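# Close look at the chain arrangement
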Amino acid sequence: MTDQYNVEAAEILANEALRSPISEAVPIYEQLLSTFPTAAKYWKQYVEAHMAVNNDDATKQIFSRCLLNCLQIPLWRCYIRFIRKVNDKRGNEGQEETRKAFDFMLNYVGADIASGLVWMEYIAFLRSLPAPTSQEESQRMTSVRKIYQRAIVTPTHHVEQLWRDYENFENSISRALAKGLVSEYQPKYNSARAVYRERKKYTDEIDWNMLAIPPSGSSKEEMQWMAWKKLLAFEKANPQRIDSASANKRIVFTYEQCLMYLYHYPDIWYEYATWHAKAGSVDSAIKVFQRALKALPESEMLRYAYAELEESRGAIQAAKKVYESLFGDGSNASALSHIQFIRFLRRSEGVEAARKYVVDARKSPNCTYHVYVAYAMMAFCLDKDAKMAHNVFEAGLKRFMHEPGYILEYADFLYRLNDDRNIRALFERALSSLPPEESVEVWKKFTQFEQTYGDLASMLKVEQRRKEALSRTGDDGASELESSLHDVVSRYSFMDLWPCSSNDLDHLARQEWLARNINKKPDKPTLGIEAGSADKTSGVSSNTNPPAKVVYPDTSKMTVYDPRQIPGPAALAAPSASGTLPYSGPFSSNGPPNALHDILKSLPPAFAAFIANLPAVEGPSPDADFVISVCLQSNIPAATGKFGTAPLPLQSGAAPSTSDLSDSSKFRPRDRQPGKRKDMDRQEDDESTIQSQPLPRDLFKIRQLQKNRVGNSSRVTSSYTGSASYGSALSGDLSGSTS
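Parameters at a glance
- Residues numbered from 1 in each chain as written.
- Predicted model: local features only at pLDDT ≥ 70, side-chain atom pairs only at ≥ 80, totals over all residues.
- Heavy atoms only, no water.
- UniProt positions renumbered as here; feature names shortened; annotations may be inferred.
- Helix = DSSP H or I, 4+ residues; strand = E, 2+ residues; numbered from the N terminus.
- Buried < 20%, exposed > 50% of the residue type's maximum accessible area, 1.4 Å probe, protein only.
- Contact = heavy atoms within 4.5 Å.
- Axes fitted to C-alpha atoms, helices over the stretch in contact; angles between N-to-C directions.
- Parallel < 35°, antiparallel > 145°, perpendicular 65-115°, else oblique.
- Left-handed = near helix turned anticlockwise from the far one by under 90°.
- Nonpolar A, V, L, I, M, F, W, Y, C, P; charged D, E, K, R; others polar.
- Core = buried A, V, L, I, M, F, W, Y, C linked by side-chain atoms within 4.5 Å.
- Patch = residues over 30% accessible without salt bridge, like charges linked within 9 Å, V, L, I, M, F, W, Y side chains within 5 Å.
- Areas by Shrake-Rupley, 256 points an atom, 1.4 Å probe, with all protein chains shown as cover.
- Salt bridge = Lys/Arg side-chain N within 4 Å of Asp/Glu carboxyl O.
- Lys, Arg positive; Asp, Glu negative; His and termini not counted.
- Charge placed at Lys NZ, Arg CZ, Asp CG, Glu CD.
- Expected span 1.5 Å × (residues − 1).
- Arc of directions from axis to C-beta.
- Disulfide = S-S within 2.5 Å.
- Phe/Tyr/Trp six-rings, centres within 6.5 Å; stacked < 30°, edge-to-face > 60°.
- pLDDT = per-residue confidence, 0-100.

The name given to the protein in an unreviewed UniProt entry is Suppressor of forked domain-containing protein, with the source organism recorded as Solanum stoloniferum. Under the UniProt heading Subcellular location (unreviewed entry), the entry covering the protein gives this text: "Nucleus".

Structure below.
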């Protein structure tokens, strides 16, 4: 979609036109309506701008341009207001013109679900007409009755109100007559009311203010397309079970409304025209196609469908004009349009007309090898003229020798003729002129031909030549020249029959790739696993499409988890014995064994004691930032002297350990032996008497940490998966459990 259909810009222009005088607003409206010819709201604004300055002639002209293409109730009610204003002072003649305008309006938009107000307005107008004589009064009442009876069987928003008004109207004239008429129309009204409730479900999904723009694939457009398709299917089902003429009229009205919003959708135009044709109204279908080509002049599909309809009813000249419209000035004609016109000429005017046009089409700058192939196969299959087809292929070969696709089509034609000598000659001529990188498919076809129809010597010779030719395009030509079991599989397979299993094919494909990359250095591992395998449908993977590289995970940084690790301070006390840090420790590292001791020496004694008391946990290591925030929240009593001179016992509630965050057993070290748990308890009791100085409260550091915690709150939450709810890092509140 280009900027021409910018909806936001269109709304800005429309608002600007509303605030401008009529002389300045006219060019703005003309610009808008040339882009959005079915935008009823812009037409309504345009008309009202002229009506405000009493420019009746311009108003009439605008209505004549938009009414029949914009079946929307607000615009048509504006039309009625204009008609009533113009004819208000013209007496009986003006009243008759107004009545005709109402009939004209209801004939087009009376089936709209929002037309209830129009029916009520028309009835009020009829009842307001003067009737000096009893005969005129009787005629007026008869006219009102007919409009009421039409209105109460139309599913609209005001159908219930219209029914009540109708009952009152009949009772006001004659209760005896009213009883019979009401009982007669009661079932029809009930049916209309039920259909209205169903129709409303579909119309409520439609955006009645949407502008008609080319499809862009947005979800809103797709939803609107689906909503209109549902409404169309609903109307086609004739839920009210009315006569076919009335039902068809409603379907036509729904299609016309749909095209106001889906104006640039070729499938809607085609569906509308096809529905007309199936209903027996071919002339209406042709008119729809003509409107569609005016709306979408670039659509080849609609032109072919239109020409097909004309040809099917015997209008050959009309169909020919449609095909000729595809060519324009000749420079824009596509190869496909040439081919389709050749086929049409042969069907309608005979072989000579098609042959004559081919001579002209060859001179077109857009004539591709497809035109030669299409005409040659037409001559061969339809005219049974193999010689003519052969001559056409030979004529095209002089022009399209560099096209592998043309070579393959020519070879298929020679296959049908069983002309093995010319097939080999064609392959030799083509391969001598095609560059190696473009000759892959031709070599493949040549090899398949020899494998199927040649002797063993010619088969092996062509395979070797193919390897030599294609090895020049690869990085490692030597490996391409080596024979492999794939060659045997290729020679001795037929259609979908293979001399090995699918697992063998995968294995061979993998080995072929490994052999081709045996001397290459492995690349760095990347995310994802890409595995190459042979094509199950073709059996053997092509040498030009080697299997994808298999990427394995990087295991250099993985450590083996041992549940028998000594948790807590025992692991810290003997790092040399284990050689590595516990995997789940709060500061797990890939550094040297004494890295943790170096960290502990640089920390205050209280902080070091806290870290020493952290138990080993199974699973991912805790977030370091979160552990530090816990430390900053810890209520460690102040010491009376310098570090190490005034020992104070470390309170057990100074900081929550990992085990305090959850009652789950997965955060507790698993003890294989009963006695080990007791030893650990004694060891933790001894550690609780460590002398320490409390961590100083650095206000700047606390504020900086608080800012970081706000920015990384989502990351912290995701690192503690489960139903954990964490407050501020400095609030001291922890709720929930990590699992």
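Helix and strand counts for the protein come out as 35 helices and 2 strands. By residue count, 40% of the 739 residues in the protein fall in the buried class. Once local pairs closer than 6 in sequence are excluded, the contacts in the protein between residues at least 24 apart make up 59%.

Within the UniProt annotation, "repeat: TPR" (unreviewed entry) is assigned to residues 266-299. Split by type, residues 266-299 is 79% helix and 0% strand. Its first and last C-alpha atoms lie 8 Å apart.

Right, let's talk about the packing of helix α10 (residues 175-203) against helix α11 (residues 219-236) for a bit. Viewed as axis vectors pointing N to C, α10 and α11 meet at an angle of 160°, and their least axial separation amounts to 9 Å. Taken together, the axes of α10 and α11 lie roughly antiparallel to each other. The way α10 lies across α11 gives a crossing that is left-handed. In this structure, α10 contributes V195, E198, R199, Y202 and T203 to the contact, and α11 contributes K230, L231, F234 and E235. Considered class by class, the residues forming the contact of α10 with α11 number 4 nonpolar, 1 polar and 4 charged.

What follows deals with the nonpolar core. Judged by nonpolar contacts, the single largest core of 153 residues is most densely connected at Y42, F63 and W269. Here the element with the most residues in this core is helix α19 (residues 369-381); it accounts for 10 residues. Excluding residues within four positions of it along the chain, F63 makes contact with V47, L75, C78, Y79 and F82. Counting residues in hydrophobic clusters, the runner-up holds 10 residues, among them A608, I611, L614 and F626.

Moving on, we get to the environment of V488. Here V488 lies in helix α26 (residues 485-491). Taking the C-alpha atoms as reference points, V488 and P499, separated by 11 residues in sequence, lie 8.8 Å from one another.

What follows deals with a positive patch on the surface. Together, R362, K363, K398 and R399 make up a region of like positive charge exposed at the surface. One can find K398 in helix α20 (residues 386-399). With relative accessibility at 77%, the residue K398 sits in the exposed group.

Within the structure shown, the criterion is met by 33 salt bridges. Salt-bridge contacts for E311 lead to R347; the nearest nitrogen and oxygen are separated by 2.9 Å. In this pair, E311 sits in helix α15 (residues 300-312) while R347 sits in helix α17 (residues 335-348), placing the two residues 36 residues apart along the sequence. Overall, R347 belongs to the partly exposed group, its relative accessible area being 48%. A salt bridge links R491 to E463; its shortest N-O distance comes to 2.8 Å. Pair noted here: R491 is in helix α26 and E463 is in helix α24 (residues 456-471), with a separation of 28 residues, a long-range link. Linked through salt bridges whose partners overlap, the residues forming this network are K44, E48 and R81.

This part takes up the environment of M51. Turning to its location among the elements, M51 is positioned in helix α3 (residues 40-52). Relative accessible area serves as the criterion here: at 16%, M51 is assigned to the buried category. Discounting residues that sit within four places of it in the chain, M51 has contacts with T59, C78, F82 and K85.

Quick look at helix α6 (residues 91-109) now. Taking 1.5 Å as the rise per residue, α6 with 19 residues should run 27 Å; its terminal C-alpha atoms sit 27 Å apart, in good agreement. Those residues of α6 lying buried are G94, T98, A101, F102, M105, L106 and V109. Relative to the axis of α6, the buried residues are bounded by an arc of 130° and lie together on one face. Of the exposed residues in α6, those oriented more than 90 degrees away from the buried face are N92 and E93. The secondary structure elements touched by the buried residues of α6 are α5 (73-87), α7 (116-128), α8 (134-151) and α12 (244-261).

Looking now at the state of the cysteines. Working definition: the covalent bond between the sulfur atoms of two cysteines is a disulfide. For the coordinates displayed, the defined rule picks out 0 disulfides. Unpaired in terms of disulfides, C66 finds its nearest cysteine sulfur in C70, a separation of 5.6 Å.

Counting across every chain of the model gives 47 aromatic pairs. Between the aromatic rings of Y148 and Y166, the centroid separation amounts to 5.7 Å while the plane-to-plane angle is 45°, which identifies the pairing as tilted. With a gap of 18 residues between them, Y148 in helix α8 and Y166 in helix α9 (residues 159-173) connect regions that are remote in the sequence. With a relative accessible area of 4%, Y148 lands in the buried category. Exposure remark for Y166: the relative accessible area of 0% places this residue in the buried category. With centroids separated by 4.7 Å and ring planes inclined at 15°, the aromatic side chains of Y255 and Y272 adopt a geometry described as stacked. Remark: Y272 occurs in helix α13 (residues 266-278) and Y255 occurs in helix α12; sequence separation between them is 17 residues.

Turning our eyes to something else, we now look at unusual backbone geometry. Excluding glycine, a negative phi dihedral is what most residues carry, and trans is how most peptide bonds are arranged. One non-glycine residue, R241, lies in the positive phi region at around 55°. The topology assignment puts R241 in the loop between α11 and α12. The class for R241 is exposed, based on a relative accessible area of 65%. Of note in this structure, M495 is not a glycine but carries a positive phi near 55°. Assignment of secondary structure puts M495 in the loop between α26 and α27 (502-516).

All right, on to the packing of α5 against α6 then. Viewed as axis vectors pointing N to C, α5 and α6 meet at an angle of 170°, and their least axial separation amounts to 9 Å. Considering their axes alone, α5 and α6 lie roughly antiparallel with respect to each other. Residues I73, W76, R77, Y79, I80, I83, R84 and N87 of α5 pack against G94, Q95, E97, T98, A101, F102, F104, M105, Y108 and V109 of α6.

With that settled, consider the confidence of the model for the protein. Residues at a pLDDT of 70 or more form 72% of the protein, whose mean pLDDT is 79. Below a pLDDT of 50 lies the segment residues 475-479, which in the model reaches 5 contacts outside its immediate sequence neighbourhood of four places, other chains included.

A cluster of nonpolar side chains, contributed by L456, L460, L485, V488 and Y492, occupies part of the molecular surface with about 480 Å² of accessible area. Counting residues per element, the ones that place at least two in the nonpolar patch are α24 and α26. Among the secondary structure elements, L460 is positioned in helix α24.

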